[in-house]
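Analysis of the macromolecular model
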Amino acid sequence: MTRFPAVLFAVSIFSGMSASSGDGVRIIRLGMDTNYPPYAMTDDEGNLTGFGYDFAQAINSICPSTVRIEVVKELWPNCWTDDDGGGIGKAITDNVIDGCISYVHTYVRDEKAEFTGAMLDDNKAAGLLTLLDAGGNPRVSGRDDLAGRTLIDVAGWAPSPDGLKFVTNQCTGSKYSDDIGDVLVAEVDEENANPNDVAMRMLRDGEGDAIFLMADQASHYSSCTEGAVHNCELWAGQGTDYAYVQTGQFGYVRNGTTFALSEIGSGIHNLLEPCMAEFMGGIEYYELCARYDIIDKCYKNDYFDEDRRSEAPFDKPTSEQFGDCSDGYCPCDSIAADDVLSDEGGSGGDGYEGFPVVAAVGIAFGAALILVAAMAAMAAVAMVRKRRRVQEEKEQTMNQAKELKQRVLTSGAAAADGTASISTGRHSH
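Since the structure is predicted, the reported quantities are computational estimates derived from the model, not experimental observations. Throughout this document, residue positions are counted from 1 along each chain, in the order its sequence is written. Selection of residues for local features in this predicted model requires a pLDDT of at least 70, selection of side-chain atom pairs for listing and counting requires 80 or more, and totals for whole chains, interfaces and linings are taken over all residues. The side-chain quantities take in all heavy atoms of the structure and omit both hydrogens and water.

With that settled, consider the overall build of the chain. Comment: elements are numbered from the N terminus, with helices defined as DSSP H or I runs of at least four residues and strands as E runs of at least two. Check the secondary structure of the chain and you find 10 helices and 17 strands. Here the Shrake-Rupley method, with its probe set to 1.4 Å, supplies the accessible areas, and only the displayed protein chains count as covering residues. With the model as given, the accessible surface of the chain reaches about 21,400 Å², and the carbon-plus-sulfur share is 52%.

With that settled, the discussion passes to the nonpolar core. In terms of nonpolar packing, the biggest core is built from 95 residues, with F51, F55, I59, L129, F259 and Y285 touching the most fellow members. Discounting chain neighbours no more than four positions away, the residues touching F55 are M119, F259, M276, F279, M280, Y285 and L288. Nonpolar cores are built from buried Ala, Val, Leu, Ile, Met, Phe, Trp, Tyr and Cys residues. Side-chain atoms within 4.5 Å join them into one set. Only protein chains enter the accessibility calculation, which uses a 1.4 Å probe. A residue is then buried if its area is under 20% of the maximum for its type, exposed if over 50%, and partly exposed in between. Contacts are residue-level and defined by heavy atoms, with any inter-residue pair within 4.5 Å sufficient.

Looking at helix 8 (residues 283-291), one finds that the buried residues are Y285, L288 and C289. Buried residues along helix 8 cover an arc of 100° about the axis, so they all sit on one side. The secondary structure elements touched by the buried residues of helix 8 are helix 1 (51-62) and helix 7 (268-280). After helix 8 finishes, the residue D293 shows a positive phi value of roughly 55°. The arc under discussion is defined with respect to the helix axis, by the directions toward the C-beta atoms.

Looking at the secondary structure, you find R68 in strand 5 (residues 67-73). Taking the C-alpha atoms as reference points, R68 and R26, 42 residues apart in sequence, are found 6.1 Å from one another.

Moving on to the pairing of strand 2 (residues 26-32). The buried count for strand 2 comes to 5 of 7 residues, which makes it a mostly enclosed element. Any two strands with at least two DSSP bridges between them are considered paired. Summarising the sheet, strand 2 and strand 8 (residues 99-101) pair through 2 bridges and their orientation is parallel. Following the sheet pairing, L30 is matched in strand 8 by G99.

Turning our eyes to something else, we now look at the sheet that holds strand 13 (residues 183-186). With mixed pairing, the 5 strands of this open sheet are ordered in space as 13-12-14-11-15. The open sheet has two free edges, formed respectively by strand 13 and strand 15 (242-249), since each of these has just one partner strand. Averaged over all neighbouring strand pairs, the angle between strand axes comes to 30°, with direction disregarded. Of the pairings in the sheet, the one linking strand 12 (residues 151-154) to strand 14 (residues 210-214) comprises 3 bridges and is parallel in character. The partner of D153 across the bridge, within strand 14, is F212. Here an axis means a line fitted to C-alpha atoms, over the contact stretch when the element is a helix, while the angle between two N-to-C directions is reported on a 0 to 180 degree scale.

So, on to the state of the cysteines. We call a pair of cysteine sulfur atoms a disulfide whenever their separation is within 2.5 Å. Tallying each qualifying case throughout the model produces 6 disulfides. Between the sulfur atoms of C63 and its disulfide partner C275 the distance amounts to 2.1 Å. Between C63 and C275, the disulfide has an S-S torsion of -120° and is therefore left-handed. Placement of C63 in the loop between helix 1 and strand 5 and of C275 in helix 7 is noted, with a sequence separation of 212 residues between them. Exposure class is identical for C63 and C275. Each is buried.

What follows deals with helix 7. Here, expected helix span is obtained from the residue count minus one, scaled by 1.5 Å. Along its 13 residues, helix 7 runs 18 Å from first to last C-alpha, staying within 8% of the 18 Å computed at 1.5 Å per residue. When you tally the buried positions in helix 7, you get 10 out of 13 residues, the bulk of the element. For helix 7, the set of buried residues is I268, H269, N270, L271, L272, E273, C275, M276, F279 and M280. Looking at the buried residues of helix 7, the elements they touch are strand 2, helix 1, strand 5, strand 10 (114-115), strand 17 (260-262) and helix 8.

Turning next to the confidence of the model for the chain. Taken residue by residue, the chain gives an average pLDDT of 81. The fraction at 70 or more is 72%. Think of pLDDT as the predictor's per-residue confidence, scored from 0 to 100. The least confident element of the chain, judged by mean pLDDT, is helix 9 (residues 338-344) at 49; the most confident is strand 8 at 98. A low-confidence stretch, residues 339-359 stays under pLDDT 50, and its non-local contacts, those more than four residues away or across chains, total 37 contacts. Contacts of residues 412-429 to residues separated by more than four positions or lying in other chains number 0 contacts, the stretch itself having pLDDT below 50.

Two numbers describe how helix 1 lies on helix 8: the axes approach to 11 Å, and their chain directions differ by 160°. What the angle tells us is that helix 1 and helix 8 run roughly antiparallel. Of the two elements, helix 1 crosses helix 8, and the hand of that crossing is right-handed. On helix 8, the residues touching F51, D54 and F55 of helix 1 are Y285, L288, C289 and R291. For the contact of helix 1 with helix 8, the per-class residue count stands at 5 nonpolar, no polar and 2 charged. In what follows, roughly perpendicular refers to angles from 65 to 115 degrees, roughly parallel to angles under 35, roughly antiparallel to angles over 145, and oblique to any angle outside these ranges. By definition, turning the near helix anticlockwise from the far helix through less than a right angle yields a left-handed crossing, and turning it clockwise yields a right-handed one. Three residue categories are used. Nonpolar comprises Ala, Val, Leu, Ile, Met, Phe, Trp, Tyr, Cys and Pro, charged comprises Asp, Glu, Lys and Arg, and polar comprises the others, including Gly.

Here it is, written out as C-alpha cells:
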C-alpha cells in the first residue's frame, strides 16, 4: 500500500471528546458553511454536500465502532475568527460544535488551533485581487509592496492578513512592506451571509485597494449555477472589472486542506487520523476525488493511474503570467492605473515601482523614433533634390547637344554653298 508522502498521522492516546454514545462510539459534531465549492456546499434540494461532507461519511463507514461524525451547518466565522489576531470561533468555544471541516492549515492558525492531517494535497495558493480601470489596468500593480495600501480580509477564511508576512511578492521576490495600511475585515451581516461577497462589495465601492484571498476563489465564483450561494452579479467581470495581480503564493500554508479544525487539546485529530489513513489508501478515496473532479488535488495512492498536478493559472506564480489582465490574472509588467487612485480616492501606496524607468525608456524610445523619422525625411528630401539636379543637368546637356548640332548643321550648309560657287566659276568661260 502506498504511503501518503505529506501526511504523517500520529496516533496517541485520546484525550477527551464532547460526547459518546451508549456503545462507546465517540460522537463528533463538525460544522461547515455552504459557500466553499466543491468542498462545502448544498445540493439542489438544499442538503449539505461537498467533498468534505462526503469525506466525513466515509470516515463513519471506515470506523463505525470508533467514531460517528455529525456534520451540521455553521457559519465559517463561528469556526475561526480573524478578530484580535485570529482564534477559534464562538461555536467551538461555546461547545455548540467540536470543530469544523475543510480548513487550510496555515502558520497563523497553527498556534491557536489543532488540525487533523490533510485530506487533500493541494496547499491552496493565496493571491491579491484588485479592480481594473476601463483600459484594463489594475488599481494595484503586482510589483507593489503594499505600503500604505488598504487591504480587505475575508472574515473566517484563509488566508488571514497575518499570512502576508509568510508569502513573497511573486514579481519582485521580496516580502511585503511592514507599513501596510488599514486592514478592513469583511464580515457577514443581515444582507450578506457570505463574507466573500462582502469583501467584493467593499472593493467595488472603493473601500480598499485589494483583497487578500484564495487565488482560486474567483474561478469558483465567476461561473454561476442555479442555487449558487454567492452573489453572481458581484463576481461577474473577471478580466474586465477585476483581476488578480498576485497568484501562486503558498508561503502562508503549513499543510493542505485538512479534514477537521478544533481547539488545542481536544484530541480529535488523534481519533480521526487512523480512520483517515485507512480511507485514503483505498479505491473509495480515488472515487471520491474523481466524483468532484479534483484528482489533481488528492494524495496519490495505488488506485491513481497518474499524478495530475494542477496547471491552473491561479496556482502559477505571477511571474509566469503573460499577456494582459483580460483572463483575470495580470502579469508582473501590468502598470497600475494611478489615475484611478486619484479620481476615485484610493488609499495611496508606492504604486508601480518600475514606472519611472518604464516612462524614461518610453520617452527615449519615442525620441529615437522621431529622430529616425526626421533623418528619413531629410534623406528623402535630399534624394528628391539630387534627382531634380540630375534631371536638370541632363536637360542642360541635351540642350547643349542640340545647340552644338544646330551649329554644326548651320556651318555645314554654309560650307556647301561656298563650294558650289567655286565650282561654277572654274567651268565658265
